[in-house]
Amino acid sequence: MFPYMVNFKVSARTLTGALNAHNKAAVDWGWQGLIAYGCHSLVVVIDSSTAQTLQVLEKHKADVVKVKWARENYHHNIGSPYSLRLASADVNGKIIIWDVAAGVAQCEIQEHAKPIQDVQWLWNQDASRDLLLAIHPPNYIVLWNADTGTKLWKKSYADNILSFSFDPFDPSHLTLLTSEGIVFISDFSPSKPPSGPGKKVYISSPHSSPAHSKLAAATGAKKALNKVKILITQEKPSAEFITLNDCLQLAYLPSKRNHMLLLYPREILILDLEVNQTVGVIAIERTGVPFLQVIPCFQRDGLFCLHENGCITLRVRRSYSSIFNTSNEEPVLSSDPDPVQELTYDLRSQCDAIRVTKTVRPFSMVCCPVNENAAALVVSDGRVMIWELKSAVCNRNSRNSSSGVSPLYSPVSFCGIPVGVLQNKLPDLSLDNMIGQSAIAGEEHPKGSILQEVHLKFLLTGLLSGLPSPQFAIRMCPPLTTKNIKMYQPLLAVGTGNGSVLVYHLTSGLLHKELSIHSCEVRGIEWTSLTGFLSFATSTPNNMGLVRNELQLVDLPTGRSIAFRGERGNDESPIEMIKVSYLKQYLAVVFKDKPLELWDVRTCTILREMSKNFPAITALEWSPSHNLKSLRKKQLATREAMARQTVVSDTELSVVESSVISLLQEAESKSELSQNISAREHFVFTDTDGQVYHLTVEGNSVKDSARIPPDGSMGSITCIAWKGDTLVLGDMDGNLNFWDLKGRVSRGIPTHRSWVRKIRFAPGKGNQKLIAMYNDGAEVWDTKEVQMVSSLRSGRNVTFRILDVDWCTSDKVILASDDGCIRVLEMSMKSTCFRMDEQELTEPVWCPYLLVPRASLALKAFLLHQPWNGQYSLDISQVDYPENEEIKTLLQEQLNSLSNDIKKLLLDPEFTLLQRCLLVSRLYGDESELHFWTVAAHYLHSLSQEKAVRTPAAEEAAPREDRANNPLDICYDILCENAYFQKFQLERVNLQEVKRSTYDHTRKCTDQLLLLGQTDRAVQLLLETSADNQHYYCDSLKACLVTTVTSSGPSQSTIKLVATNMIANGKLAEGVQLLCLIDKAADACRYLQTYGEWNRAAWLAKVRLNSEECADVLKRWVDHLCSPQVNQKSKALLVLLSLGCFSSVAETLHSMRYFDRAALFVEACIKYGAIEVSEDTEKLISVIYADYARSLKNLGFKQGAILFASKARAAGRDLLKELESPRQEVTEE
């Protein structure tokens, strides 16, 4: 067709601008890797790594206040594929659930007509992934099934609810932040509403509490810390102490159990919920910038904080060892005789602030949930800034020791497995691969050079800017024709209120150029070619009604702009409009109270300034007819004649003469190129009486050729459009008058839509469609049939008002509206979302969620089972995957869009299977896989380490130390190694003890110490009880009991009897304590489990029992988790992994039909020698492989299926035959 195709397919899209105040908290970063945010009533979806807009969802009728991505915490297969599900809620109380890839609303939910305060997907049960919890003001929480839109239950509370937070470690615990205080709900379940009003607590300032009087003598810094300590009291505090009303946010810490964070403008409080007491405070100095928001991290004990100046800071908890050791590095801390033990969070990194003005301020921040190494800031002017954390290894000597901040070290392991110094690794992959864990008290960093100190810094890696705030004047570049097809680009020029012109490329929707040309509001734009335009702006009128007119001619490729009217323009009547003639030769400039000017566009010279008595113009339009063709013909004829004459007169042409002729001809064609031939063009205009004038312009002569008297039915004419033989006029009263110039007939149509602001014909030969803009909307008309095609009315079918209209292509219109958006719509002007896979992106985006389910799962298998045929490759055509070419191309595009660092890892033969599984689960944002493989990699690796130690040849010391210093992160809580878990619990109790301020707290600390077996400390605390306390006698006796407990038979049996009686009579905690005193913790665990305290039993087993007894307790817990009424098998799997029961993990995975995970896990176990090969296990392994081969066959991934069918031996024999039979037929042919 053409030598090459230019991409000018323009899909319907919306360019978004500044946000509304309601959109402040409407932003979310999903596990899928995409960021969604609300912009007025739209929801914008952008890709976080390339900062491109992928989708704009339009269906809400009111401003969006919340958006939330569905969680990916489930096993993905063909039945439950990777899909982009998003919930958005608006001011009118409507919640819409979207299928983002298709741009379709799956379900709409409405309860009350008030703004939704908060929504959250329930992520923590295996039963259903469709449950959505929402706060409907003022005080209802409602659980919805987001798939069907049915309400499961509704519950009201006494106070207005502001927000809520789920305990990440215990799905039955929900905390509400209300206008009065905090409500703890401990029996949340999807099946029924919580019973009772919940446990309500208030927050009060502790200045009145006597416990702090003794601290008054402390020095400055200490004083500041003690001032902000805040405790939680059961009774309502007196008015002067209530400080909750300025609490901005409440959140659980996902990095450790039972800790909660409260955010105030000038401080962050960390509460330990076991003692309801502040254990850490992050305060801002008096000159510092207040907080707006905080996001606690999961992988490390860190906080992303957003400040009011748009600065994002990362704070990481300081290692305790540095507080206690008396090294010479921190003289400040060690010289203090009584170290105040605080959870201290040190500032580790901060990004640049933004310029905050009245209209520009930071709205909110989101953090990447998968890797926690990037944060996105949404600004009120529509900008989205993506900041990524980067780590840099620094040498020891350069360390600034005066900072007093303990150094951060890089972790020993990468992707779950310790790696050598020379091995390929990518530390910036995620937060836990960047920095190691904060060390715990009493744990010293191993001496040796393996630990590298790192510094973190933020880097701006993505910036998406929106349109400026309206007013807008828009103009599409000249239309596509067969002549300009090679260099055509669909560009839209947008003039703004601040004098700049933005040029957008409509295929990609990206900003092509931003040009600051004017000093005041741009009123109109006219293109003079595909690469240049004229724009005019007028300043605000002075008291005489005169303005400064600016008319600039801009050359797009260079960005050069010149004042088109030279020195003219100061103190004159404002320009009303500019119109460029059809051949782009002439320009008519119409003023408010000054005669018309005609200019030559090519030479920037004035042709005519009309006389004073020239009529005032209300509307003007150039005619599409001209005499260029006849001129060209004439010119060609004369040139040919000239050439012929010279040839005839002298046949023996000398070389010299012929060169003269060619020079003449060249000059001729050059002059034609510079278009010095001035074709004749016409324009029509109307005066205030409605009389139509027709004028002809040729060169610098202007002739008046005809006048047509006014049409009685029309009011004052406001605009004219002319195409072919049709002329259309619009007037103040909303009448359209269609003139057929050939047939000499006119038809007037009253639209009853008030003032016709603008009318414009669509481009394209023979296309007689026309768009008309009114004060209250727009209409598309077909002028051939003289009938309306579509209509749009503000307030009726849309909420916005239209500011300007234009045609984008022959069948799409552009609307600029007062919500700051510019929409490219089909001719029906129905707002539609597009399918994401149909969109043209300038940069490829890694998002397997956009592929069809089969393809995304096949791509995953392709990445996981490298190498294929013995070679590592990211070329999918290398493997036998008989899908159609289109899908293969899409898969290849996905592979190509991966960053080079990731490709390098995937192609590295030393990159182990477990690391590969972890990396792929991160790439896919697969929450359940990420947790599974993290725990699996840790325990499989430590098992292999132990095996290595058992062999006599191995060095004894190294691996032991390695394991001790590379424990599983504490965010995995119950899944950690027992020794590490115990250390953590002791540290926590020490902290609680330092922080206690009331008798209640002391008592809770005593209980914990007794359970942990720290009897001496417990006795000290018991003896502290003052004599006037009602528990004085009890505590004294208890102290005596604890010190005299001996292991003699009779006292043991008595205590055991008393304990069982206590438990039977409802005093579970006290009975358990007594049993722990006589080292019967195993019995205590059994009682706790009998009474349904499963988490408490697991905790006690880990801190008090030896590994065998502990394993028994946890196995009972696993059976409980797997029972149908609890149905938390995925959690049970993790507990089994932590116990090292690898073969039962494989069995459970298989029984849950997680074939892919089971097969990979079995492969990893065999590699690490974790599954003993026996007849039973052989059978299990081959069944797992065979089932996985079948599921790969269903994906159409033939080579993978053959691989696993052959691994399955006997179980896969039939399948293998079936898979290989068509191949043989092919080869025979």
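Everything here concerns the structure above.
Fair warning: this is a prediction, and the values are worked out from it, not measured in the lab.

Chemist: Looking at this structure, how should I read the overall build of the protein?
Modeler: From N to C terminus, the protein includes 27 helices and 60 strands. For the protein, with 1229 residues in total, the buried portion stands at 55%. Across the protein, contacts joining residues at least 24 apart in sequence account for 55% of those joining residues at least 6 apart. About 53,400 Å² of surface is accessible on the protein, with carbon and sulfur atoms providing 52% of the total.

Chemist: How should the environment of Asn-433 be read in this particular structure?
Modeler: Looking at the element boundaries, Asn-433 is found in helix H4 (residues 431-434). In sequence terms Asn-433 and Ser-410 are 23 residues apart; their C-alpha atoms lie 7.3 Å from each other.

Chemist: Whenever I open this one, the side chain of Thr-1148 confuses me. Can you help?
Modeler: Relative to the helices and strands, Thr-1148 is located in helix H23 (residues 1142-1151). Exposure remark for Thr-1148: the relative accessible area of 14% places this residue in the buried category. Setting aside anything within four residues of it in sequence, one finds Thr-1148 in contact with Leu-1133 and Leu-1136.

Chemist: Is there a simple way to think about the packing of aromatic side chains in this case?
Modeler: Any aromatic ring pair is given by two values, namely how distant the centres are and how the planes are angled relative to each other. All told, the structure shown has 25 aromatic pairs when counted by the stated rule. Ring centres 6.4 Å apart and planes at 5° place the aromatic pair Phe-862 and Trp-868 in the stacked group. A centroid spacing of 5.2 Å and a plane angle of 65° characterise the contact between Trp-868 and Phe-1197, whose relative ring orientation is edge-to-face. Taken together, the residues span a long stretch of sequence, with Trp-868 in the loop between helix H7 (853-864) and helix H8 (885-896) and Phe-1197 in the loop between helix H25 (1175-1194) and helix H26 (1198-1207) at a distance of 329 residues. As far as burial versus exposure is concerned, Trp-868 and Phe-1197 are alike and both buried. Taken together, the ring pairs in this structure connect Tyr-586, Phe-614, Trp-622, Phe-683, Phe-685 and Tyr-693 into an aromatic cluster. Between Arg-1157 and the ring centre of Phe-932, over which it is positioned, the NZ or CZ distance is 5.1 Å.

Chemist: I tried to follow H26 on my own but got confused; where do I start?
Modeler: An α-helical turn contains 3.6 residues, so a residue and the one three or four places further along point in the same direction. Counted residue by residue, H26 has seven buried out of ten residues, so it is predominantly covered. Looking only at H26, the buried set comprises Lys-1198, Gln-1199, Gly-1200, Ala-1201, Ile-1202, Phe-1204 and Ala-1205. With its phi angle positive at about 55°, Arg-1209 sits one or two positions after the end of H26.

Chemist: What is the right way to look at the sheet that holds strand S7 (residues 85-90) in this model?
Modeler: Adjacent strands of a sheet form backbone hydrogen bonds with each other and so pair up, either parallel or antiparallel. Taken in spatial order, the four strands of this open sheet run S6-S7-S8-S9, and their pairing is antiparallel. Two strands bound the open sheet, and with one partner strand each, they are strand S6 (64-69) and strand S9 (104-110). Here the average twist between neighbouring strands, direction ignored, is 20°.

Chemist: Would you mind showing me how to read the sheet that holds strand S45 (residues 605-609) here?
Modeler: Taken in spatial order, the four strands make up an open sheet running S42-S43-S44-S45, and their pairing is antiparallel. Lying at the two open borders of the sheet, with one neighbouring strand each, are strand S42 (575-580) and S45. The average angle at which neighbouring strand axes cross in this sheet is 25°, direction not considered. The sheet contact formed by S42 and strand S43 (residues 586-591) spans five bridges and is antiparallel.

Chemist: Would you mind showing me how to read the environment of Val-119 here?
Modeler: One can find Val-119 in strand S10 (residues 118-121). Classification of Val-119 by relative accessible area gives buried; the value is 0%. When neighbours within four sequence positions are excluded, Val-119 is seen to be in contact with Lys-66, Lys-68, Ile-95, Leu-133, Ala-134 and Phe-164.

Chemist: I keep staring at the pairing of strand S38 (residues 522-527) and nothing clicks. Help me out?
Modeler: Among the six residues that make up S38, five are buried, leaving the element largely enclosed by the rest of the structure. Bridge count for S38 against strand S39 (residues 532-538) is five bridges, and the pairing is antiparallel. Across the sheet, Ile-525 pairs through a bridge with Ser-535, a residue of S39. A loop of four residues connects S38 with S39, the two strands running antiparallel in sequence.

Chemist: What should I look at first to understand unusual backbone geometry in this one?
Modeler: Negative phi characterises most residues that are not glycine, and trans characterises most peptide bonds. In this chain, Pro-137 is followed by Pro-138 through a cis amide linkage whose omega measures -5°. Assignment of secondary structure puts Pro-138 in the loop between strand S11 (131-136) and strand S12 (140-145). Here the amide bond leading from Gln-866 into Pro-867 is cis, since omega sits at -5°, within 30 degrees of zero. Non-glycine residue Arg-744 carries a positive phi angle of around 55°.

Chemist: What exactly am I supposed to notice about the packing of helix H19 (residues 1081-1090) against helix H20 (residues 1094-1104) here?
Modeler: Between two packed helices, the angle of one axis relative to the other and the distance separating the axes together describe the packing. Where H19 meets H20, the axes come as close as 8 Å, and the angle between the chain directions of the two elements is 165°. Comparing their axes, H20 and H19 come out roughly antiparallel. Handedness of the H19/H20 crossing: left-handed. The segment H19 lies against H20, with Ala-1081, Ala-1084, Cys-1085, Leu-1088 and Gln-1089 engaging Trp-1094, Arg-1096, Ala-1097, Leu-1100, Ala-1101 and Arg-1104. Partitioned by chemical class, the residues of the contact of H19 with H20 number eight nonpolar, one polar and two charged.

Criteria and cut-off values
Residues numbered from 1 in each chain as written. Predicted model: local features only at pLDDT ≥ 70, side-chain atom pairs only at ≥ 80, totals over all residues. Heavy atoms only, no water. Helix = DSSP H or I, 4+ residues; strand = E, 2+ residues; numbered from the N terminus. Buried < 20%, exposed > 50% of the residue type's maximum accessible area, 1.4 Å probe, protein only. Contact = heavy atoms within 4.5 Å. Areas by Shrake-Rupley, 256 points an atom, 1.4 Å probe, with all protein chains shown as cover. Phe/Tyr/Trp six-rings, centres within 6.5 Å; stacked < 30°, edge-to-face > 60°. Lys NZ or Arg CZ within 6 Å of the ring centre and 35° of its normal. Pairing = 2+ DSSP bridges. Axes fitted to C-alpha atoms, helices over the stretch in contact; angles between N-to-C directions. Parallel < 35°, antiparallel > 145°, perpendicular 65-115°, else oblique. Left-handed = near helix turned anticlockwise from the far one by under 90°. Nonpolar A, V, L, I, M, F, W, Y, C, P; charged D, E, K, R; others polar.

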